[in-house]
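One letter stands for each residue in the lines below.
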Amino acid sequence: MAVPVAFFALFFAYPVTAIVGRGLKMGGDWQFARIGEVLSRPDILGVLWFTTWQALASTALTLLIALPGAYVLARFDFPGKQLLRAVVTVPFVLPTVVVGTAFLALLGRGGLLDELWGVRLDTTVWAILLAHVFFNYAVVVRTVGGLWSQLDPRQEEAARVLGAGRFAAFRRVTLPALTPAVAAAALMVFLFTFTSFGVVQILGGPAYSTLEVEIYRQTAQLLDLPTAAVLTLVQFAAVGGILAVHAATVRRRERALKLVDPAQTSRRPRGAGQWALLGGVLLTALVLILLPLGVLVERSFDGPGGYGFGYYEALQSVGAGGSSTFLVPPLEAVGNSLRYALVATLIALVVGGLAAAALTRRAGRLVRGFDALLMLPLGVSAVTVGFGFLITLDEPPLDLRTSWILVPLAQALVGVPFVVRTMLPVLRAVDDRLREAAAVLGASPLRAWREVDLPLVRRAVLVAAGFAFAVSLGEFGATVFIARPDNPTLPVAVARLLGRSGELNYGQAMALSTILMLVCAVSLLLLERIRTDRSGEF
């Protein structure tokens, strides 16, 4: 636990505490009375209520739509399976401002829905909920599907032989085994929607505001740091309470599972019902995921003079069309993002892997409490973290403001929780008797981990690496404050272009978003190939 504790204390607790302290401390005195004043305001109470219920609704809708996809990808073998798995993960790396813009093009004024049926859903809750499902579909599919594919289907088949119906066998055998993974996926979706920023700001309009949007408004627009600090504390407390309940609930349901090679559980669909389920999942992916992505691609080629590569060519020069948005060609953001994401993934795997290994041992209350603390970066305002980095990491020996490592560190903060939540259910499902047998035969703890745990969790490690890489590519909230002007990441570059008027800037933003999608898709396809090639080693 030493490395994870030190990492989070230095790069999360310290910056967040510093920024909140500056907001509540004025003239040398703490202004705790300000907390009650802020929380008694009707507008703030409305923000708290909307933040909570839209997150619950988004989580429930995401589970409802994505769990069939998790089952199909875990149990069925069909042509294009690897491509589908990569496609459903692509939306998760897109900056939220791009997701909001894509759905605005579909659901807003002059969008596809408006042109076909004269219906507009922008500035409504439905637009926000659909965008959240689009963004978080992959979280459920990959987190739940990763464990589902390794569950021995013969246990459910045995229940069927003993007289249980299909639903009863699933409810009494498979569902209890999947509960930790489903709970972990639901938790991640809830945290992301609870702290939603770009989607709500673009699609919700002035009528809807989450805590994250309100923190940004109080900080950047109204310069009211005390109110922003109070809202950050509220967000922090709410997320901490949710994580504590989650940890206590899931722990009682965890048990050792018999994990098998996913190749043994995957087969071609049988019967009309299974083919219909596969068709429904493919249709969902087409309408919910490919359609918004298709809008982005189409707009990246739709220039003033017709379709062409004009916007892509403009990415290679500084100040194209008279714009001074960048100090370097925007295309350099691609290389920057890849380098930062690779380093962030390595950091997240080391820190998250050590944390997951420690949590597997269940060594007392201290370790159990740390399980919940690891998820806090997903529930704390990225605006707060970004500002905290700027005001705390500015003096020796931690003067990192001009160092390139600052961006990967911020990205790894978001990647570590995904590594932990992806690896932990699989690690805890490993039968302790296997480790004990290795110890009896003379294996050291390190060798037992290498010979027993690692072969069983290799798939989980690869899934965790894919998630960490994906979220690092798309991280925007904190990176926008600390990325240097001469080394922007792809999300920061897209946001800068979207923030400036002009058709050329908007077209370049769509072109960069398309490049980001392609980079993510290629990376995920390579990851899937590695997973498939090594499946026979388990």
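If you're wondering where the values come from, they're calculated on a predicted model, not measured in any experiment.

**Some details on the overall build of the protein**
- Each helix and strand counted, the protein has 25 helices and four strands in total.
- Sorting the 538 residues of the protein into buried and exposed places 54% on the buried side.
- Surface summary for the protein: the accessible area is close to 22600 Å², and the carbon and sulfur share equals 64%.

**Here's the deal with the packing of aromatic side chains**
- For the structure shown, the criterion picks out 14 aromatic pairs.
- With centroids separated by 5.4 Å and ring planes inclined at 75°, the aromatic side chains of Tyr71 and Phe76 adopt a geometry described as edge-to-face.

**Thoughts on the environment of Trp275**
- Structurally, the position occupied by Trp275 is in helix α14 (residues 271–301).
- The partly exposed category is assigned to Trp275, whose relative accessible area is 42%.
- Linking Trp275 and Phe76, residues 199 residues apart in sequence, is a C-alpha distance of 9.8 Å.
- When residues no more than four places from it in sequence are discounted, the contact partners of Trp275 are Arg268, Pro269 and Arg270.
- Within polar-contact distance, the side chain of Trp275 engages the backbone oxygen of Pro269 at 3.4 Å.

**Topic: the side chain of Ser209**
- With respect to the element layout, Ser209 can be found in the loop between α10 (198–204) and α11 (211–221).
- What makes Ser209 buried here is its relative accessible area of 15%.
- A polar contact of 3.3 Å, which involves the side chain of Ser209, links it to the side chain of Glu214.
- Setting aside chain neighbours within four positions, we find Ser209 in contact with Val47, Phe50, Thr51, Val200 and Glu214.

**Here we look at a nonpolar patch on the surface**
- Side chains of Leu112, Leu116, Trp117, Val119, Leu283, Leu286, Val287, Leu290 and Leu291 sit close together on the surface and give an oily, nonpolar patch of about 840 Å² of accessible area.
- Listed by contribution, the elements that provide at least two residues to the nonpolar patch are α6 (112–117) and α14.
- Counting residues per element, the nonpolar patch draws most heavily on α14, at five residues.
- By the element assignment, Val119 lies in the loop between α6 and α7 (125–148).
- The partly exposed category is assigned to Val119, whose relative accessible area is 36%.

About the thresholds
Here the residue numbering is sequential within each chain, running from 1 through the sequence in written order. pLDDT decides what is reported in this predicted model: residues at 70 or higher carry local features, side-chain atom pairs at 80 or more are listed and counted, and totals for whole chains, interfaces and linings draw on all residues regardless. Note: side-chain values were computed over all heavy atoms of the structure, leaving out hydrogens and water. Each helix is a run of DSSP H or I of at least 4 residues and each strand a run of E of at least 2, with the numbering of both proceeding from the N terminus. Burial classes follow relative accessibility: with a 1.4 Å probe on protein chains only, a residue under 20% of its type's maximum area counts as buried, one over 50% as exposed, and anything between as partly exposed. We get accessible surface area from the Shrake-Rupley algorithm with a probe of 1.4 Å; when it comes to residues, only the shown protein chains can shield them. Side-chain rings of Phe, Tyr and Trp (the six-membered ring for Trp) are treated as a pair once their centres are within 6.5 Å; stacked means planes under 30 degrees apart, edge-to-face means over 60, and tilted covers the remaining angles. Residue contacts are defined here by distance: any two heavy atoms, one from each residue, within 4.5 Å place the two residues in contact. Definition of a polar contact: a pair of N or O atoms within 3.5 Å, with one able to donate and the other able to accept a hydrogen when the atoms are protein atoms, and with sequence-neighbouring residues admitted only if both atoms are side-chain atoms. The residues that make up patches have over 30% relative accessible area and no salt bridge, and they are joined within 9 Å when like-charged or within 5 Å when they are Val, Leu, Ile, Met, Phe, Trp or Tyr. Any carboxyl oxygen of Asp or Glu that lies within 4 Å of a side-chain nitrogen of Lys or Arg is treated as forming a salt bridge with it.

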